[in-house]
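Per-entry structural report
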Amino acid sequence: MNRRILAAVLLVILAALPFIAQATGQSALLSLASRILIYGMAAASLNFVLGYGGMVSFGHAAFFGIGGYVVGVLYHHADTETLFWGFIPGTTQMLITLPAAILVSGAFAAIIGALSLRTGGVQFIMITLAFAQMLFFLFVSLKTYGGEDGIIVRRTNELPFLNTRDRAVMYWVVLAITVAFALGLRRLTKSSFGTVISGIRQNERRMAALGIPAYRYKLFAFILSGMGAGLAGALMVNVLRFASPDMMHWTKSGELMIMVILGGVGTLVGPFLGAAALLSLESVLASWSEHWPLAMGLILLVVVLGTKGGLMALVTRLTGGRK
Amino acid sequence: MILFLEQLLNGLQYGVMLFLLAAGLTLIFGIMGVINLAHGSLYMIGAYAGTLAAMQTGSFWLGVPVALIAAALTGLVVEAVVIRRLYARDHLDQVLATFGLILFFNQSIILLFGRQPMFTQLPELFSGAVEVIPGLPYPSYRLFIIAVGLLVALGLYLIINRTRIGMLVRAGSTNREMVRALGVDIRLLYTLVFGLGALLAGLAGFLAGPVLAVQVGMGEQILLSTFVVVVIGGVGSIKGAFVAGISLGVIDTMLRAFLPGLLRQVMNGPEADALGVGISSMGIYLLMALVLLVRPKGLFAAGS
């Protein structure tokens, strides 16, 4: 009951943020909040395979980037009035681009997952990294879509009845999608499917003995996770109005992982907390000194070595509640 | 033909560098079970320390011991302060902690020496070129790197296969718990292995100085390729690191040298170049994916 009230209060504050930002004159607050929500979604998607499923993917930025590039490429073709692969016209309608981004990143996740899940452990970490790097270099070499420089999306995707070019409106769109996403994820983790995924993490052989085809379940979880990251990437391009190969760089995968671990592996709220902590810390430290990575590195070390379970464990300990 | 041979030697030189880094990494990985992303930082520290010493004293050869000692010392401190606490943790914590180390080291170097890249003077002995075959003069310094790499490989082979420490290392990469259960001071072994890995990384970094620029981020550039070498070769296997390192070095260099030219025959210039560079950068990752699909543990995995 307590947590519901907490969630409701948080939601009200988040919804009122554009007004708060305007009143206090902190216009950067809005873009920071949008980025936190979006990265939170990407990190939560990663957390679904990593925390619940025990599959340590070091290549999730690939799906994030693919989702972003779907928006970018569709914009590019709409802008130049050309056809993608000779038959797909471009579009700037968000109702089309977001589902397209989800589907395409899901398809990539299906291919990458099907191959990668044949391995495990360290090899799984490295092979997912390998696939992400391949996609990174592929997009770097695609001169049509800006190569290294990426695509500048001059106009944010449109929604019927809403003016998405207004930053506040775009923020509310992101917030609404995040809430829906979080609710969906919560349902998913509590469903029988989510339970099986957790069971596979704990003991794959036992699950197999129960007659559960582990590989198929893991693959399906991987695809869902890729779709979530793709959705986040598509929104990110809409907010930043820019898609570039940097979205799939391996350091981005690392950042997503840091958010998950910082927030708390295998928890629903953890990745969002982690994203908020990391991004706020980054912007605060960066405003103090250009040498902020030094402090960031030390903080990461202290967090990893000194705590177990990330910020979520801290929150649970402070509120004295059970998980 | 001459161009081909020249690129082959370039590939060999790159492969040897990869081997020097991968040898340490694969041991740390295989014996201690730690994913050490900060291995590239040790490479960078070796390069900076050695290059600074060489610049101050004006002697390339004085840079060598300084690079080795600096990298090994940093390695030992890192092992004692950070890595030692990570043995029992899962890979996630190790990745995060060593990622923090990368940030820390990179920024410290920027604070101390700035972002400007540094270049080492070639040693006088190896500043010229040698005619490998008639019509192909080749920088003798690169031949020197190849020779050093091969010597280190031979030395490691002898240590691993002919000494008591080597026996423990081999045993450790096959079955860690059993070695511990037999009463071996595993902690000392870990420290030794980590120090050795750091030493080799420092050597590689210093040797790379005159060929590449000594700059912040040089470690991360080569780190991923090194991990690919480790995984393809099989975690914990020096032999695997050697075979995979040399092959990847040669394949990567060959792709970069010849693929754009081949593509240019079917496409127009700039696009072929861009695509060629892209595909050749993908090459080693593609190879790793293929190897892992056929042999999920790598080519020469220990204990499989």
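Just so it is clear, the structure is predicted and the values come from calculations on it, not from any experiment. Each chain has its residues counted from 1, following the order in which its sequence is written. Each chain gets a letter, beginning with A, and each ligand a number, beginning with 1, in the order they are written. Local features in this predicted model are restricted to residues of pLDDT 70 or higher, and side-chain atom pairs are both shown and tallied only at a pLDDT of 80 or more, whereas totals for entire chains, interfaces and linings draw on every residue. Note that water and hydrogens are dropped before the side-chain values are worked out from all heavy atoms of the structure.

1. Brief notes about the UniProt feature "transmembrane region" (unreviewed entry) in chain A
Residue and element names in this part refer to chain A. Put simply, the test is: UniProt positions are given in the numbering used here, feature names are shortened, and annotations may be inferred rather than shown by experiment. The helix count covers DSSP runs of H or I at least four residues long, the strand count covers runs of E at least two residues long, and both are numbered beginning at the N terminus.
Feature annotation in UniProt assigns "transmembrane region" (unreviewed entry) to the following positions: residues 49-75, 95-117, 123-147, 168-185, 219-244, 256-279 and 291-315. Secondary structure across residues 123-147 divides into 76% helix and 0% strand, with the first and last C-alpha atoms of the span separated by 30 Å. Along residues 256-279 the backbone is 75% helical and 0% strand, and the end-to-end C-alpha distance reaches 11 Å.

2. As for the packing of helix α5 (residues 121-141) of chain A against helix α9 (residues 218-233) of chain B
In a packed pair of helices, the relevant descriptors are the angle between the two axes and the axis-to-axis distance. Stated precisely, the cut-off is as follows: Axes, fitted as lines to C-alpha atoms, cover a helix only where it is in contact. Angles between the N-to-C directions of the axes lie from 0 to 180 degrees. Any angle that falls under 35 degrees is termed roughly parallel, while one over 145 is termed roughly antiparallel, one within 65 to 115 roughly perpendicular, and all others oblique. By convention the crossing between two helices is left-handed if the near helix lies anticlockwise of the far one by an angle smaller than a right angle, and right-handed if it lies clockwise. Every residue pair with non-hydrogen atoms within 4.5 Å of one another is taken to be in contact. By the convention adopted, Pro, Cys, Tyr, Trp, Phe, Met, Ile, Leu, Val and Ala count as nonpolar, Lys, Arg, Asp and Glu as charged, and the other residues, Gly among them, as polar.
In the contact formed by α5 of chain A and α9 of chain B, the axes pass within 11 Å of each other and the chain directions differ by 130°. Comparing their axes, α9 of chain B and α5 of chain A come out oblique. Handedness of the crossing formed by α5 of chain A with α9 of chain B: left-handed. Two secondary-structure elements touch here, α5 of chain A through Q123, M126, L129 and Q133 of chain A and α9 of chain B through L224, F227 and V231 of chain B. For the contact of α5 of chain A with α9 of chain B, the class distribution of residues is 5 nonpolar, 2 polar and no charged.

3. Here we look at unusual backbone geometry
Residue and element names in this part refer to chain A. For F161, which is not glycine, the phi torsion reads 70° and is therefore positive. Of note, the phi angle at R241 is positive, near 60°, even though the residue is not glycine. Within the secondary structure layout, R241 lies in the loop between α9 (214-240) and β4 (242-243).

4. With respect to the packing of aromatic side chains
Selection rule: Aromatic rings from Phe, Tyr and Trp, taking only the six-membered ring of Trp, are treated as a pair when their centres fall within 6.5 Å; an angle between ring planes under 30 degrees marks them as stacked, one over 60 as edge-to-face, and anything in between as tilted.
The final tally for this structure, using the stated rule, is 25 aromatic pairs over all chains. Considering the side-chain rings of F124 of chain A and F222 of chain A, the 6.2 Å spacing of their centres and the 80° angle between planes classify their relative orientation as edge-to-face. Of this pair, F124 of chain A sits in helix α5 while F222 of chain A sits in helix α9, and the two are 98 residues apart along the sequence. Through successive ring pairs, a cluster of aromatic residues spans F60, W61, F126, Y141, F144 and F206 of chain B.

5. Concerning the confidence of the model for chain A
Caution applies to low-pLDDT regions: their predicted coordinates should not be interpreted in detail. Which entries qualify depends on this criterion: For every residue, the predictor assigns a confidence score, pLDDT, that lies between 0 and 100.
Here chain A shows a mean pLDDT of 89. Residues at 70 or above account for 98%. Mean pLDDT values over the elements of chain A span from 75, in helix α13 (residues 310-319) of chain A, up to 95, in α9 of chain A.

6. Things to note about a nonpolar patch on the surface
Residues and elements named next belong to chain A. Here is the rule: Note that patches include only residues with greater than 30% relative accessible area and no salt bridge, and the join distances are 9 Å for like charges and 5 Å for nonpolar side chains (Val, Leu, Ile, Met, Phe, Trp, Tyr). For accessible areas, the Shrake-Rupley method is used with a probe of radius 1.4 Å. Any residue's cover is judged against the shown protein chains and nothing else. One side-chain nitrogen of Lys or Arg within 4 Å of one carboxyl oxygen of Asp or Glu is enough to make a salt bridge. Each residue is assigned to one of three classes by its accessible area relative to the maximum for its type, calculated with a 1.4 Å probe on protein chains only: buried under 20%, partly exposed between the two thresholds, exposed over 50%.
Taken together, I5, V9, I13, I20 and L29 make up a surface patch of nonpolar side chains, about 390 Å² in accessible area. The biggest single contributor to the nonpolar patch is helix α1 (residues 2-24), with 4 residues. Within the secondary structure, V9 sits in helix α1. For V9, a relative accessible area of 44% translates into the label partly exposed.

7. Quick word on the interface of chain A and chain B
Heads up, the condition is: Accessible area that two parts lose when put together, with a 1.4 Å probe and added across both, is what the buried area reports. We define a polar contact as two N or O atoms separated by no more than 3.5 Å, with the added condition that, inside protein, one atom must be a possible hydrogen donor and the other a possible acceptor, whereas residues neighbouring each other in sequence contribute only through side-chain atom pairs.
Contact residues are listed per partner, giving 38 residues for chain A and 42 residues for chain B. The contact between chain A and chain B buries some 3900 Å² in all, and 83% of this surface belongs to carbon and sulfur atoms. The residue R115 of chain B makes a salt bridge to E290 of chain A at a minimum N-O spacing of 3.8 Å. For the pair chain A and chain B, the interface holds 4 residue pairs in polar contact (both at pLDDT 80 or more). Broken down by element, the residue count for the side of chain A that touches chain B peaks at 13 residues, all from α5 of chain A. The class makeup of the residues in the side of chain A that touches chain B is 27 nonpolar, 7 polar and 4 charged.

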